[in-house]
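Listed here are the chains, written in short residue letters.
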Amino acid sequence: MSFKPDRMNTKERMKALFEGRALDRVPLYPFLLGFCARNVGHPIQVMYDAPAKSFDAQQRTLDQYGFDWGPMYGYASYGTWEFGGEIKMPTGGFEQAPMHTVFPVESEEDVERLRLPDVKTAGSLPRAMEFSRLQETAPTPVTVVLGGPFTIAGNVCSVEKVCRWMLKKPELVHRILQMAADHIVDVVTYWSQTFGAQRVFPQIWEPSASNDILSPKQFERFVFPRLLESSMKILGLGINHMLYHICGEQNKNLSLWAQVPMGAPGICSFGQEVDIGAAIDHVGTSSIIAGNISPSALQSGSPETVYDLCKDALLKGLKAPRGFMLMPGCEVPPSTPPHNVYVMRKAIDDFGRYE
Amino acid sequence: MVPEQRKKEILDGIRNAVVQYDEDQCVSWCMTSLQEGLDAYETTMKGLAAGMDTVGELYTRQEYFVPELLLCSDALYAGLNILRPHIRPDHAASKGKLLLGVVEGDIHDIGKNLVKTMFEASGWQVVDLGKDVKLDRFVEEQKKIKADLVGLSALMTTSMMAIEKAVAMLKAADPGVKVLVGGAPLNSEIAANFGADGYAEDAVSAVQEAGRMIKKQPV
């Protein structure tokens, strides 16, 4: 099926979006990795252990489906390997991303022994850098994907342990969170020095800090100060735009997220738990809103269900003052029916036009 | 015979210790209850389990979140470790038996662990297979223990698909098996499509749903 002709190409559309100028239509922002591997016939793990194949698989798939952004390298368990633990690549039939197998912190003493990783050699970072060098030559935005402070902390010593220590040994959690925040800044600094700050687009994924786990007060006390600090330091490097991906139940944290600087403008990407209208109300004056199509619906829902979800998001998103991008609420599962991915682009054609 | 006033004081102490996630206090009150001759089963149900009921209400009202739940659970188990060896065999019969686990491909087990706590607090016997459990193992264990319910969970959208397969495998082995499912990417519609008999949004509602499912079973 053909789409209506676009007045802008992807590059023009994204440039206009970030410069606050009029667009022809809502951009389609990708969040699919294992899906791309399957699309071109690779095992899923190549997305994480073979940067060149990962880049190629994503670029081909993103072109095929009409996404308005380039490939990226990253996964939600970030932090385990980089701080000295071990991860396992996805090899089983029901796995989609690397998983932690050994946490770097098992005991209170381990927290004292924890040191900031060498950003040039630690864990996945050499592969991420190799990937970014491909982004640089593409050309496509040079992204670096990191966990947020709480998500990294959970990957360093398990979310359960962080939760228990928050109430029993808060000083340990403060130390881990501070190291996570410092590490985030260290990595972005390295990327900025390598590619130039103007070219670098950090993506910070902070799903674990949702109200599925934390109370808003715990978020405010433990997470929020580190988000503020690391964001301000990153923007202080000369970075123009950051993306915060905050899937999960974040509704009670929204007023705090609204205070986290993400750039001029930043992008704030939401899961299906946060209505696009609520996202705009809280964050929409300072950031581009992205989201929030349920990965479960994409994987298991009918095309009509996906289409209706996209329609709802688009009709609300068109009113976002800094712009809106239609995006999956989290990673598109590898076994998602391809037609459901196509439906996102189709819905933009039908309901996402500004002109 | 323990005076009613004193008994109330001890049970309140245990209940409050669980709610306030005070593990030391919980242990201390449970030991006191044994020393003063309270029945261990009654203390478990009216002290520890009642405390966990209150915790569940606080979670439902969003006054407690996962950190509090985990520590309340720790206090509960600290008390159970004291009382369990003293529960008379005629009281040891459970409300039901639950076979529980996180399906293959998924290592996220906080939710499953909280489900285990809530079921044990409610008087269920729980056989916990852990996380990233091969689907065959659910079938094999169910054949062995014939649990009243099998509970399956997943956090990731991809591993959620293992639930569908596990339900099919369990039903193929025993069409009468009852399967309760949960986890962030699921909802009641997906659970029904997967062939599950019940769905619960969280650990607290899982116990209620289990009660409903067991009642529906033919006598």
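For the structure, check the block above.
Predicted model, so just to flag it, every value in this text is computed and none were measured. (Residues numbered from 1 in each chain as written. Chains lettered and ligands numbered in written order. Predicted model: local features only at pLDDT ≥ 70, side-chain atom pairs only at ≥ 80, totals over all residues. Heavy atoms only, no water.)

## Observations regarding the overall build of chain A
The condition that has to hold: Numbering goes from the N terminus for both helices and strands, where a helix is a DSSP run of H or I of at least four residues and a strand is a run of E of at least two. The size measure is the radius of gyration over C-alpha atoms, and the globule rule it meets is 2.2 Å times the number of residues to the 0.38 power. Any pair of residues with heavy atoms lying within 4.5 Å of one another is described as a contacting pair. Asp and Glu are treated as the negative residues and Lys and Arg as the positive ones, with His and the ends of the chain left uncounted. All charge positions are set by atom: Lys at NZ, Arg at CZ, Asp at CG, Glu at CD.
Counting secondary structure elements, chain A contains 15 helices and 8 strands. Taking 2.2 N^0.38 as the reference for a compact globule, 355 residues should give roughly 20 Å; the C-alpha atoms of chain A span a radius of gyration of 19 Å, in line with that estimate. Principal axes of the C-alpha set define a box for chain A whose edges measure 60 × 40 × 40 Å. Pairs at least 24 apart in sequence give 72% of the contacts found in chain A among residues at least 6 apart. Side chains of chain A carry 34 positive and 38 negative charges; the gap between the two charge centres is 3 Å.

## A look at the interface of chain A and chain B
Frequently, the measure chosen for interface size is the accessible area that the parts lose on association. Put simply, the rule reads: Note: buried area is the sum, over both parts, of the accessible area (probe 1.4 Å) each one loses when the two are combined. The term salt bridge refers to a pairing of a side-chain nitrogen on Lys or Arg with a carboxyl oxygen on Asp or Glu at a separation within 4 Å. Here a polar contact means two N or O atoms within 3.5 Å. Within protein one must be a hydrogen donor candidate and the other an acceptor candidate, and residues neighboring in sequence count only if both atoms are side-chain atoms. Classification used: nonpolar for Ala, Val, Leu, Ile, Met, Phe, Trp, Tyr, Cys and Pro, charged for Asp, Glu, Lys and Arg, polar for all others including Gly.
Across the boundary between the two partners, chain A contributes 27 residues, which contact 26 residues of chain B. The largest contributions to the chain A side of the interface with chain B come from F94, E160 and R164 of chain A, which together make up 29% of the buried area. Here chain A and chain B share 1 salt bridge between them. In this structure, R164 of chain A and D74 of chain B form a salt bridge, with 2.6 Å as the shortest nitrogen-oxygen distance. Here chain A and chain B share 9 residue pairs in polar contact (both at pLDDT 80 or more) between them. Counting residues per element, the ones that place at least two in the side of chain A that touches chain B are β2 (99-102), α8 (159-168), α10 (216-236) and α13 (295-300) of chain A. Per-element accounting of the side of chain A that touches chain B gives the leading share, 7 residues, to α8 of chain A. For the side of chain A that touches chain B, the residue count by class is 12 nonpolar, 9 polar and 6 charged.

## Remarks on the pattern of salt bridges
Test applied: Exposure classes here rest on a 1.4 Å probe applied to the protein chains alone. A residue is buried below 20% of its type maximum, exposed above 50%, and partly exposed in between.
Under the counting rule described, the total for this entry stands at 40 salt bridges over all chains. Of the charged contacts, one joins D6 of chain A and R345 of chain A as a salt bridge, the two residues approaching to 3.4 Å between their closest N and O atoms. Placement of D6 of chain A in the segment before α1 (10-19) and of R345 of chain A in helix α15 (residues 338-351) is noted, with a sequence separation of 339 residues between them. In this structure D6 of chain A comes out as partly exposed when scored by relative accessible area, which is 29%. A salt bridge links K7 of chain B to E4 of chain B; its shortest N-O distance comes to 4.0 Å. Of this pair, K7 of chain B and E4 of chain B are both found in helix α1 (residues 4-19), 3 residues apart, which corresponds to roughly one turn of the helix.

## Concerning unusual backbone geometry
A cis amide bond links A264 of chain A with the next residue in sequence, P265 of chain A, at an omega value of -10°. Tracing the backbone shows P265 of chain A in the loop between α11 (254-257) and β6 (266-270). Phi is positive for Y21 of chain B, close to 40°, though the residue is something other than glycine. Tracing the chain through its elements places Y21 of chain B in the loop between α1 and α2 (23-35).

## So, the sheet that holds strand β4 (residues 200-205) of chain A
Residue and element names in this part refer to chain A. The test is simple: Whether two strands pair depends on DSSP finding at least two bridges between them. Axis definition: a line fitted to C-alpha atoms, limited for helices to the stretch in contact. Angles are taken between N-to-C directions and run from 0 to 180 degrees.
Spatial ordering of the open sheet is given by β3-β4-β5-β6-β7-β8, a layout of 6 strands whose pairing is parallel. The open sheet terminates on both sides in strands that have one partner only, identified here as β3 (142-147) and β8 (324-328). On average, each strand axis in the sheet is inclined to that of its neighbour by 20°, with strand direction left out of account. In this structure, strand β5 (residues 243-246) lies alongside β6, joined through 4 bridges in parallel fashion. Each residue of the ladder has a partner; that of L243, found in β6, is I267. On the sheet, helix α12 (residues 276-283) packs against β6, β7 (287-293) and β8 and is oriented at approximately 160° with respect to β7.

## A look at the side chain of H245 of chain A
Residue and element names in this part refer to chain A. With respect to the helices and strands, the residue H245 is situated in strand β5. Among the polar contacts listed, one links the side chain of H245 to the side chain of S269, at a separation of 2.5 Å. Those residues in contact with H245 that lie beyond four places of it in its chain are F31, I204, W205, E206, P207, S269, M327, G329 and C330.

## Regarding the packing of aromatic side chains
All names here are of chain A. We apply this condition: Pairing of aromatic rings covers Phe, Tyr and the six-membered ring of Trp, with a centre-to-centre limit of 6.5 Å; geometry is then stacked below 30 degrees between planes, edge-to-face above 60, and tilted otherwise.
Tallied over the entire structure, the rule returns 16 aromatic pairs over all chains. Judged by centre distance (5.4 Å) and plane angle (65°), the rings of F55 and F131 are edge-to-face. With a gap of 76 residues between them, F55 in helix α4 (residues 51-65) and F131 in helix α6 (residues 125-137) connect regions that are remote in the sequence. The pair F55 / F131 is uniform in exposure class, with both members buried. With 5.0 Å between their ring centres and 70° between their planes, W69 and F201 make a pair best called edge-to-face.

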